[in-house]
Amino acid sequence: MSLHIGSIAPDFEQESTHGPIKLHDWLGSSWGILFSHPKDFTPVCTTELGRAANLKSEFGKRNVKMLAVSVDDVDSHKRWIGDIEETQNAKLEYPILGDSDRKIAKLYDMIHPEANDTLTVRSVFFIDPNKKIRAIITYPASTGRNFAEILRVIDSLQLTDQHKVATPVDWKQGDDVVIVPALQDPEELAKRFPDGFRAVKPYLRLTKQPKESIKS
Ligand code: BEZ
């Protein structure tokens, strides 16, 4: 099945290092990121899982649950967690799904046969509280992901859900945002953006990030 932005994240039940997880029930009303790893006891994955663990409070602040998956089984994951905690100075408190049957890998199209027949690529699925996939990023096994970028995407999704804005190139917390082109009504513009905006072009209007949405 090919998954797109806007698709409902396929539900599943699978064993994890925290016991069985039924995705939709486990997410509840939270956001979630489901991120795949090619294999246990591999160097890049070890650093990624450690970084994710160390960013627990940042994900928590944004009401995002983290869920990792790797094609090995749960016993292997549990042994690997010891290495991750030792080498990355981290406490790994989120679950890792076992996937030796490749159920999740197949359901989420995480195996790219042109890259490797059996190992998953590095995918991240961003899932909102309605269980919709809101963004997908995919890297090859040789390229570790940037977890600051993952947080930045979540910030953009959550901000643009609440305000009629979009985030421009390289945007980060506190930077100016752009007003969506569809918003043209002068009264609504004045109400939504009381501090005004700067029209660089009629279609490129910049305004301050709404204060209450800034995460420190
Ligand atoms: C790694 O996580 O280091 C890795 C996994 C598979 C292929 C290459 C690197």
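Residues numbered from 1 in each chain as written. Predicted model: local features only at pLDDT ≥ 70, side-chain atom pairs only at ≥ 80, totals over all residues. Heavy atoms only, no water.

1. Notes on the site of the ligand
Around the ligand sit Pro 38, Thr 42, Pro 43, Val 44, Cys 45, Arg 122 and Ala 141, and that is every residue in its neighbourhood. Between the ligand and Arg 122, the relevant distance is 2.9 Å, taken from an oxygen atom to a side-chain nitrogen or oxygen of the residue. When the ligand is considered free in solution it has 260 Å² of accessible area, and contact with the protein chains removes 75% of it. With three residues, the top contributor of residues to the shell around the ligand is helix 2 (residues 43–54). Residues belonging to the shell around the ligand are distributed by class as follows: five nonpolar, one polar and one charged. (Near = heavy atom within 4 Å. Polar contact = N/O pair within 3.5 Å; in protein donor to acceptor, adjacent residues only side chain to side chain. Areas by Shrake-Rupley, 256 points an atom, 1.4 Å probe, with all protein chains shown as cover. Helix = DSSP H or I, 4+ residues; strand = E, 2+ residues; numbered from the N terminus. Nonpolar A, V, L, I, M, F, W, Y, C, P; charged D, E, K, R; others polar.)

2. Examining the sheet that holds strand 7 (residues 133–139)
Reading across from one edge, 5-4-3-6-7 is the order of the five strands in this open sheet, with mixed pairing throughout. Every other strand in the sheet has two partners, leaving strand 5 (96–98) and strand 7 as the edge strands with one partner each. Taken pair by pair, the neighbouring strands of this sheet meet at an average axis angle of 20°, ignoring direction. Where strand 3 (residues 31–37) lies against strand 6 (residues 122–127), four bridges are found, and the strand directions are antiparallel. In the sheet register, Leu 34 faces strand 6, and the bridge partner there is Phe 125. Contacts from helix 2 reach strand 3, strand 4 (64–70), strand 5 and strand 6 within the one sheet, and its direction differs from that of strand 3 by about 165°. Packed on one face of the sheet, helix 4 (residues 74–88) meets strand 4 and strand 5 and runs near 145° to strand 5. (Pairing = 2+ DSSP bridges. Axes fitted to C-alpha atoms, helices over the stretch in contact; angles between N-to-C directions. Contact = heavy atoms within 4.5 Å.)

3. Concerning helix 2
Taking 1.5 Å of rise per residue, the 12 residues of helix 2 would be expected to cover 16 Å, and the 17 Å separating its terminal C-alpha atoms lies within 8% of that figure. Among the residues of helix 2, Cys 45, Thr 46, Glu 48, Leu 49, Gly 50, Ala 52 and Ala 53 are the ones counted as buried. (Expected span 1.5 Å × (residues − 1). Buried < 20%, exposed > 50% of the residue type's maximum accessible area, 1.4 Å probe, protein only.)

4. Here's the deal with a nonpolar patch on the surface
A contiguous nonpolar patch, built from Val 200, Tyr 203 and Leu 204 and spanning about 290 Å² of accessible area, is present on the exposed surface. On the secondary structure map, Val 200 appears in strand 10 (residues 198–201). Since its relative accessible area comes to 44%, Val 200 is described here as partly exposed. (Patch = residues over 30% accessible without salt bridge, like charges linked within 9 Å, V, L, I, M, F, W, Y side chains within 5 Å. Salt bridge = Lys/Arg side-chain N within 4 Å of Asp/Glu carboxyl O.)

5. As for the sheet that holds strand 8 (residues 165–166)
Pairing within the open sheet is antiparallel, and its four strands lie in the order 8-9-11-10. Each of the sheet's edge strands pairs with one partner strand only, and the pair in question is strand 8 and strand 10. Where strand 9 (residues 177–179) and strand 11 (residues 204–207) come together, two bridges link them in antiparallel fashion. Following the sheet pairing, Val 177 is matched in strand 11 by Thr 207.

6. Quick look at the side chain of Asp 99
Mapped onto the fold, Asp 99 is located in the loop between strand 5 and helix 5 (103–107). Arg 102 provides the closest opposite charge to the buried, salt-bridge-free Asp 99, at an N-O distance of 6.3 Å. (Lys, Arg positive; Asp, Glu negative; His and termini not counted.)

7. Here's the deal with the pattern of salt bridges
Inspection of every chain in the model, using the stated rule, returns 15 salt bridges. A salt bridge links Arg 62 to Asp 155; its shortest N-O distance comes to 2.6 Å. Of the two residues, Arg 62 is situated in the loop between helix 3 (56–61) and strand 4 and Asp 155 in helix 6 (residues 147–162); the sequence distance between them amounts to 93 residues. In this pair, the class of Arg 62 matches that of Asp 155, namely buried. Among the ionic contacts, a cluster of salt bridges with common partners joins Glu 58, Lys 61, Arg 62 and Asp 155.

8. Concerning the packing of aromatic side chains
Aromatic rings in a pair are described by how distant their centres are and how their planes are angled relative to each other. This model, assessed by the stated rule, comprises five aromatic pairs. Ring geometry for Phe 35 versus Phe 147: centroids 5.7 Å apart, planes at 75°, classification edge-to-face. Taken together, the residues span a long stretch of sequence, with Phe 35 in strand 3 and Phe 147 in helix 6 at a distance of 112 residues. For Phe 147, a relative accessible area of 3% corresponds to the buried category. Look at Tyr 108 and Phe 125: their rings are 4.9 Å apart centre to centre, the planes differ by 75°, and that puts the pair in the edge-to-face class. Remark: Phe 125 occurs in strand 6 and Tyr 108 occurs in the loop between helix 5 and strand 6; sequence separation between them is 17 residues. Each member of the pair, Tyr 108 as well as Phe 125, carries the same accessibility label: buried. (Phe/Tyr/Trp six-rings, centres within 6.5 Å; stacked < 30°, edge-to-face > 60°.)

Remember, this is a structural readout, not a statement about activity or role.
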